[in-house]
Every structure is written in C-alpha cells, then in structure tokens.
Amino acid sequence: MSGNGAATRRRLVLLGSTGSIGTQALDVCRRHPDRFEVVALAAATSVDEVVRQAWEFRPQAICVAAAPPPPAADLPPGVAVCTGAEGLVELAAMQDCDVVLNGVVGMVGLRATVAALEAGRTLALANKESLVAGGPVVRAARERGGGRLVPVDSEHAASAQVLRGEPRDEIARLVLTASGGPFRGLTRAELAAVTVEQALHHPTWSMGAKITIDSATLFNKGLEVIEAHELFDLSYDQIGVVVHPQSIVHAILELVDGSAKAQMGLPDMRQPIAWALAYPDRLDDPVGRIDWATLGDLTFELPDTDAFPALGLARAAGRAGGDAPAVLNAANEEAVAAFLAGGCGFLDVPAAVEETLARHEVSEPCSVDDVVAAEAWARETTRERLAARIG
Ligand code: MG
C-alpha cells in the first residue's frame, strides 16, 4: 500500500482528534496502518467519540480537555486519561512520539504548540491561533527546543511544496489562493442580509463551522497571510492572495524571472494532512487524483476588498506586529461566535474587528500569558463594540 522505504511507523499524537482535521487525520492513519501508530488522542468535549477512537486505534493515552473524562471502565485496558488544557500540553510533549498534530480549534492550541516545539517534536500544525496570535512566542519556542513546524493547512502545505528548493533571492512573491467562499460576487448591500445557514454552506471545502464562516468573510485568508509570513519568513509585500473558486490550485510561487510554479490538488484536506504527517516523504495512496478530462476551467480573480475588508484588516494587524494579530484573531472569534448565535449580522463581524483594532495599543508578547491577556482585552472590547452596533 505504501512505500518510500520507511522502516518504522511514525508515532502520532493527535490533538483535536474528534474535529474536522482530527477525523480526517485518523482516516489517513486508517489507510496507512504500516506508516502511523496513534499514541495519543485528545478531544475537547466529544467524550463518546474519543472513546470510540480509543477502541479503534488503541493509544497509550487520551485527553478530554473541556468536559468530564470517561470512566476507565469505558476505555481499553491500560489507556491513561488526562484532562484540561494541562492534559493537552502533557500529550504535546509526551516521550514516545515523533509527530504531534495540533488540530485543536482556538487559542487553547497555542500552549500545546509551544510545548511540542520546546520538546523538539515535529509539529504538524493546523491550529491557526498558534501562528496568528502567538507568532512571537512560537518563534521563541522553535529557537529554544529546535522543534520542526510542518503546516497542515492546504495553502501552506502547498506553499512549502512550491518553495522547496528555490533560493531565497530568486523568490519574487508567494500567492495564496482563496475559494472566495459562498458569497463571492455579492456586494456589501447583499452581504448585510445573509444568514448563518448560507454562510455555513461552503462551495468546495468541508470544514468546521468557525473556519467556514471565516472563509465566507475572507478572515480565513487574512489569517493565512499572517501564518505564511510566520512560516516562510516572507514580508507582507511578498504574500499575495488571488480568488480561485475551483480550489484546485492552492499556492503559486512567482520567481524573479516571471516564471510561476503552482501546487495543485483536489480540495480534500486529507491530502495536505497526509503530506504533513509523512513529511518529508510522500504516501503513495492518494485520496484522489485530478482528472484532467473532467477538470474544466480554472479561473482566477482579485479579491473584492471593499465587500470583504477582512483581508486588509489582517494585513494591517500583521504589519503592526506584536500582539495586534492576537487581537485581530480573538476579536474575530468573538464576532463569529456572536454571528453563529444569531447575535449580529455578517457585516458586523469585520466591522467589530476593525473597531477593536482601532482601540488597541500594540505591545510585544513575551509569553503565552501575554497573548492570553491581549486576547481577553480583545474579546471584551469586541463584545462592547457589537453591543454598541446592535444598539
Ligand atoms: Mg486554508
């Protein structure tokens, strides 16, 4: 089923195992039992599902981060159980592990990222908050522990692939593609009336609710631009975004001579997940291949920054640096939660984030606690701004 001559199975810790990234990662493991051994699973609140996963994958340990853990009698014999955010950190740094996949949603993932990098692990990173909110802290943790960071997100996995082997002085610009989400082509006036249900209906990708809304506002792409800056050490001027509704091209590298390299693949997250878990090898059992006979047109257009201001807000926060991206991210989380709960309109999301950023004074975070404090301020301020907007 697989090749590449790897003699030993990679031992994986999966944080966020019951989420969208985690379940797709387990599907990759299921397809490659000769390549991957799951040594730990962590879920937030989906206790029944993580118990089911424990019976299938027989890890050494599980963690339930935000709910009461299952009774030991429900689990296979010998499975250790840990709890809370401390449990996530414990698993991220556990000894018998080669790769930590951080697919946790939200800021709670940052502590796990820092722990894995300080322990010198290879970190397959799907948790956006780690690089967006915790950029300066994560940079320091990489330097201290020597851990390796491999991006799981499709655009960043694609970017790493097109950047591979290219000398830095021959790189002109990296371009991330955006699907444009369900509301591509709508005007600001039309966006004012869109519903939660419409925003959750993504045309090409199957993802969790938060990231699907972020994809509809283009905040997701804005966060990805900040991540690309952190991952690849490119300036914001060197990172572009182009809308590509078919989601087949994931990243494009423009070289100084005008040549451009694109990474292409089906819009199935299992492909970048498998790439990240196997890195630097490749698995030879793809989830699918592009069928050139039926692929049809690939189109590209520039994003409408007037209807979708999130991209510009993210770039501004990225350029401001320090804790500004953390504030952007937390403000967006807060506003998206309000939108999902029916507490504000679609356009209130970027508006509230913009108002929060305008009130923020940038400082340089030195620890996870500093990031958490900036985040708490941003949440509070965003709630106030939303309340003021709704009247
Ligand atoms: Mg993405």
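Given the structure is predicted, the values throughout are model-derived calculations rather than measurements. (Residues numbered from 1 in each chain as written. Predicted model: local features only at pLDDT ≥ 70, side-chain atom pairs only at ≥ 80, totals over all residues. Heavy atoms only, no water.)

Participant: Please explain the pairing of strand β3 (residues 61-64) as it appears in this structure.
Facilitator: Regular strands show a simple pattern: their side chains alternate between the two faces of the sheet. Residues A61 and C63 point to one face of β3 and I62 and V64 to the other, with burial holding for every one of them. Relative to β3, strand β2 (residues 36-43) runs parallel, the two being bridged by 4 bridges. Looking at the pairing, A42 lines up with C63 of β3. Read as a crossover between parallel neighbours, the route from β2 over helix α2 (residues 47-57) to β3 is right-handed. Relative to strand β4 (residues 80-83), β3 is paired through 4 bridges, and the arrangement is parallel. (Buried < 20%, exposed > 50% of the residue type's maximum accessible area, 1.4 Å probe, protein only. Helix = DSSP H or I, 4+ residues; strand = E, 2+ residues; numbered from the N terminus. Pairing = 2+ DSSP bridges. Right-handed = clockwise from strand over helix to strand, strands pointing away.)

Participant: Would you take a moment to explain the coordination of the magnesium ion for this structure?
Facilitator: Think of it this way: four donors in a tetrahedron around the metal ideally sit 109.5 degrees apart, and six in an octahedron ideally sit 90 or 180 degrees apart. Coordination of the magnesium ion by the protein comes from D153 (OD), E155 (OE) and E224 (OE), over a distance range of 2.1 to 2.4 Å. If you list the donors of the magnesium ion from N- to C-terminus, the spacing comes out as D-x1-E-x68-E. Here E155, found in helix α7 (residues 154-163), pairs with E224, found in helix α11 (residues 219-232); they are 69 residues apart in sequence, far enough to count as distant. Residue class for E155 comes out buried when judged on its relative accessible area of 6%. (Donors = N, O, S within 2.8 Å, 3.2 Å for Na, K, Ca; no water.)

Participant: Could you clarify how one ought to interpret the pattern of salt bridges in this entry?
Facilitator: As a working rule, side chains carrying opposite charge can pair if their charged atoms are close by. By the definition in use, this model includes 26 salt bridges. Of the charged contacts, one joins D281 and R35 as a salt bridge, the two residues approaching to 3.7 Å between their closest N and O atoms. You can see D281 sitting in the loop between α12 (270-278) and α13 (310-320) and its partner R35 sitting in the loop between α1 (20-31) and β2, a full 246 residues away along the chain. Of the residues examined, D281 reaches a relative accessible area of 24% and is grouped as partly exposed. Across the pair D369 and R111 runs a salt bridge, and its minimum N-O distance is 3.1 Å. A residue pair is termed long-range when its members are at least 10 positions apart, and D369 in helix α16 (residues 368-390) and R111 in helix α4 (residues 108-118) qualify at 258 residues. On the basis of relative accessibility, which here comes to 35%, the residue R111 falls in the partly exposed class. Among the charged side chains, a network of salt bridges with common partners joins E333, E334, E375, R379, E380 and R383. (Salt bridge = Lys/Arg side-chain N within 4 Å of Asp/Glu carboxyl O.)

Participant: Teacher, can you tell me more about the sheet that holds strand β1 (residues 10-15) here?
Facilitator: By definition, the strands of a sheet pair up through backbone hydrogen bonds, in either a parallel or an antiparallel sense. Spatially, 7 strands are ordered β4-β3-β2-β1-β5-β6-β7 in an open sheet, and the strand pairing comes out parallel. Each edge of the sheet is formed by a strand with only one pairing partner; in this case those strands are β4 and β7 (148-151). Taken over all neighbouring pairs, the strand axes of this sheet differ in orientation by 20° on average, direction set aside. (Axes fitted to C-alpha atoms, helices over the stretch in contact; angles between N-to-C directions.)

Participant: Where do I start with the packing of aromatic side chains in this structure?
Facilitator: Remark: the centre distance and the inter-plane angle together describe each pair of aromatic rings, the angle taken between the planes. Scanning all chains against the criterion turns up 3 aromatic pairs. Between F183 and F346, the aromatic rings sit 5.1 Å apart at their centres with planes inclined by 90°, giving edge-to-face as the arrangement. Pair noted here: F183 is in the loop between β8 (171-178) and α8 (188-191) and F346 is in the loop between α14 (324-340) and α15 (348-358), with a separation of 163 residues, a long-range link. Taking the relative accessible area as the measure of exposure, F183 reaches 4% and is therefore buried. Ring plane angle 65° and centroid distance 5.3 Å describe the contact between W275 and Y279, whose orientation is recorded as edge-to-face. Taking relative accessible area as the criterion, W275 reaches 8% and is therefore assigned buried. Of the aromatic side chains, those joined through ring pairs into one cluster are F183, F339 and F346. (Phe/Tyr/Trp six-rings, centres within 6.5 Å; stacked < 30°, edge-to-face > 60°.)

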